[in-house]
Amino acid sequence: MSVLSALTDAIASATVEVVDLTAPLSSSTPVIKLPEPFGNTVSFSLHEISRYDDRGPAWYWNDITTGEHTGTHFDAPVHWVTGRDGQDVSQVPLPRLIAPAVVLDFSEQAAANPDFLLEVDHVKQWEGEHGPVPEGGWLLYRTGWDERSDSQERFLNANETGPHTPGVSIECARWLAEEAPVIGFGVETVGTDAGTAHSFDPPFPCHSALLGAGKYGLTQLQNLALLPARGAVLIVAPLPITGGSGSPCRALALVERG
Ligand code: MN
């Protein structure tokens with residue numbers, strides 16, 4: 001049997017489960033809020049063109065308004081100044097959009113401390129138990145933050161000092177960019193950096209290091225709890241926006257069951 005026939009048979013029989021890692025996209029989907037004087041993205045919205053009415057008697061359709069970085073989305077290298085000469089979202093090689101993924105679960109730590117930062121030692125310790133992070137694959141960082149995604153306020157978790165959401169340390173960002181064999185880093189939070197990363201030196205180290213190294217970011221993932229620590233295949237489908245810095249995307253995982 002061919003590899004693809006075996007795969008489609010396995011999906012049909014649910015031996016391979018397809019898990020949706022994508023947040024529902026609506027006007028209440030949380031979006032990042034940058035402080036003054038920075039520009040901000042819009043929330044997602046639908047604008048009805050017709051709905052079986054005078055404007056179109058047999059058809060329903062909408063225009064949409066969205067940011068490139070709204071909801072579950074893909075960060076292309078050109079999103080950051082360090083990656084400005086790199087790929088835009090339409091230029092990402094297609095084989096990179098279907099790749100192995102590992103899931104590192106730090107939801108307990110993030111529940112105890114919303115400013116929790118992933119360190120290189122955490123990843124090394126995980127690798128000691130589960131094996132190396134995958135060459136050409138994704139490191140997905142579970143923090144339990146998807147549980148908050150129905151509330152902009154709880155998702156951004158901001159107070160007078162700014163947002164408080166888990167992320168990675170400066171050192172770990174450098175390691176992911178320069179030493180780890182992964183092509184991308186995926187998170188459940190609004191961005192790949194910690195909520196407090198605006199005050200790091202350098203600021204936003206994950207964006208800066210990973211995108212500068214030609215790697216990718218993936219944010220606002222859900223259902224990582226349904227994935228094994230290793231063995232899942234991530235399929236991520238950003239729109240090929242010409243010159244775009246990123247795109248809302250559908251993120252799916254294939255997981256072998258039984
Ligand atoms: Mn982004």
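Here is what the cut-offs are and how they apply
- Residues numbered from 1 in each chain as written.
- Predicted model: local features only at pLDDT ≥ 70, side-chain atom pairs only at ≥ 80, totals over all residues.
- Heavy atoms only, no water.
- Axes fitted to C-alpha atoms, helices over the stretch in contact; angles between N-to-C directions.
- Helix = DSSP H or I, 4+ residues; strand = E, 2+ residues; numbered from the N terminus.
- Parallel < 35°, antiparallel > 145°, perpendicular 65-115°, else oblique.
- Left-handed = near helix turned anticlockwise from the far one by under 90°.
- Contact = heavy atoms within 4.5 Å.
- Nonpolar A, V, L, I, M, F, W, Y, C, P; charged D, E, K, R; others polar.
- Donors = N, O, S within 2.8 Å, 3.2 Å for Na, K, Ca; no water.
- Buried < 20%, exposed > 50% of the residue type's maximum accessible area, 1.4 Å probe, protein only.
- Salt bridge = Lys/Arg side-chain N within 4 Å of Asp/Glu carboxyl O.
- 1 Å grid on protein atoms, 1.4 Å probe; cavity = no way out; pocket = protein on both sides within 12 Å on 5 of 7 lines; lining within 4 Å.
- Points joined across faces, edges and corners; volume = space filled by probe spheres on them.
- Phe/Tyr/Trp six-rings, centres within 6.5 Å; stacked < 30°, edge-to-face > 60°.
- Pairing = 2+ DSSP bridges.
- Core = buried A, V, L, I, M, F, W, Y, C linked by side-chain atoms within 4.5 Å.

K.L.:
What's the story with the packing of helix α5 (residues 170–178) against helix α6 (residues 205–212) in this structure? I'm lost.
P.N.:
Any two packed helices are characterised by the angle at which their axes cross and by the distance between the axes. Interhelical geometry of α5 versus α6 gives an angle of 15° and a closest axis separation of 8 Å. Relative to α6, the element α5 is oriented roughly parallel. Pair α5 / α6 crosses with right-handed handedness. Taking contact as the criterion, the partners of I170, A173, R174, L176 and A177 in α5 are, on α6, P205, C206, A209 and L210. A breakdown of the residues in the contact of α5 with α6 according to their chemical character gives eight nonpolar, no polar and one charged.

K.L.:
Is there a simple way to think about the coordination of the manganese ion in this case?
P.N.:
Working reference: metal with six octahedral donors, ideal angles 90 or 180 degrees; metal with four tetrahedral donors, ideal angle 109.5 degrees. In this structure, H69 (ND1), H73 (NE2) and D75 (OD) serve as the protein donors to the manganese ion, at separations of 2.1 to 2.3 Å. We note that the donor set of the manganese ion lies within a single chain, spaced as H-x3-H-x1-D. Like H69, the residue D75 is buried in the burial classification.

K.L.:
How should I be thinking about the pattern of salt bridges in this particular structure?
P.N.:
When their charged atoms lie close together, side chains carrying opposite charge are able to pair. With the rule as written, the count across this model stands at ten salt bridges. Note that E48 and R51 form a salt bridge whose closest N and O atoms lie 3.8 Å from each other. The partly exposed category is assigned to R51, whose relative accessible area is 40%. What you see here is one network of salt bridges that share partners, running through E48, R51, D53 and R55.

K.L.:
Would you mind going over the environment of A12 with me for this structure?
P.N.:
Mapped onto the secondary structure, A12 falls in helix α1 (residues 3–12). C-alpha separation for the pair A12 and T72, spaced 60 residues apart in sequence, amounts to 26 Å.

K.L.:
Got a minute to help me understand the layout of surface pockets in this structure?
P.N.:
To find the voids left in a structure, one rolls a probe of water-molecule size over its atoms. Within this model, the largest pocket holds a volume of roughly 690 Å³. For the largest pocket, the lining is made up of 26 residues, of which I32, K33, L34, F204 and H207 are closest to its centre. At the level of secondary structure, the elements contributing two or more residues to the lining of the largest pocket comprise β4 (73–75) and β9 (162–163). Here the residues of the lining of the largest pocket sort into eleven nonpolar, twelve polar and three charged.

K.L.:
Please clarify how the packing of aromatic side chains should be interpreted in this entry.
P.N.:
Scanning the model with the defined rule gives eight aromatic pairs in all. Aromatic side chains Y141 and F185 sit 5.9 Å apart centroid to centroid with 25° between the ring planes, which places their arrangement in the stacked category. In this pair, Y141 sits in strand β7 (residues 138–142) while F185 sits in strand β11 (residues 184–187), placing the two residues 44 residues apart along the sequence. Of the residues examined, F185 reaches a relative accessible area of 1% and is grouped as buried.

K.L.:
Just to check I follow, could you spell out the pairing of strand β2 (residues 45–53) for this structure?
P.N.:
Along a regular strand, successive side chains alternate from one face of the sheet to the other. Of the pairings in the sheet, the one linking β2 to strand β3 (residues 56–65) comprises seven bridges and is antiparallel in character. In the strand pairing of β3, E48 is matched with N62. Between the antiparallel neighbours β2 and β3 lie two residues.

K.L.:
Would you mind going over the nonpolar core with me for this structure?
P.N.:
Grouped burial of nonpolar side chains is what soluble globular proteins tend to show. Residues L21, F74, W138, L140, L218 and L227 are the most contacted members of the largest nonpolar core, which totals 25 residues. For this core, the element with the highest residue contribution is strand β14 (residues 246–256), accounting for four residues. Within the second largest apolar cluster, 24 residues are counted, among which are Y141, W175, A177 and V182.

K.L.:
Teacher, can you tell me more about unusual backbone geometry here?
P.N.:
Trans is the prevailing form of peptide bonds, just as negative phi is the prevailing case for residues other than glycine. Each neighbour pair has its own omega, and for E36 with P37 the value is 5°, a cis peptide bond. Mapped onto the secondary structure, P37 falls in the loop between β1 (16–20) and β2. Cis rather than trans, the peptide bond between D201 and P202 has omega equal to 5°. Its place among the elements puts P202 in the loop between β11 and α6. Even without a glycine there, the phi angle at A14 is positive, about 65°.

K.L.:
Where do I start with the environment of G243 in this structure?
P.N.:
Note that G243 resides in the loop between β13 (230–238) and β14. Owing to a relative accessible area of 52%, G243 belongs among the exposed residues under this scheme. The sequence separation of G243 and E135 amounts to 108 residues, and the corresponding C-alpha distance is 27 Å. Contact partners of G243, with chain neighbours within four places excluded, come to D88 and S90.

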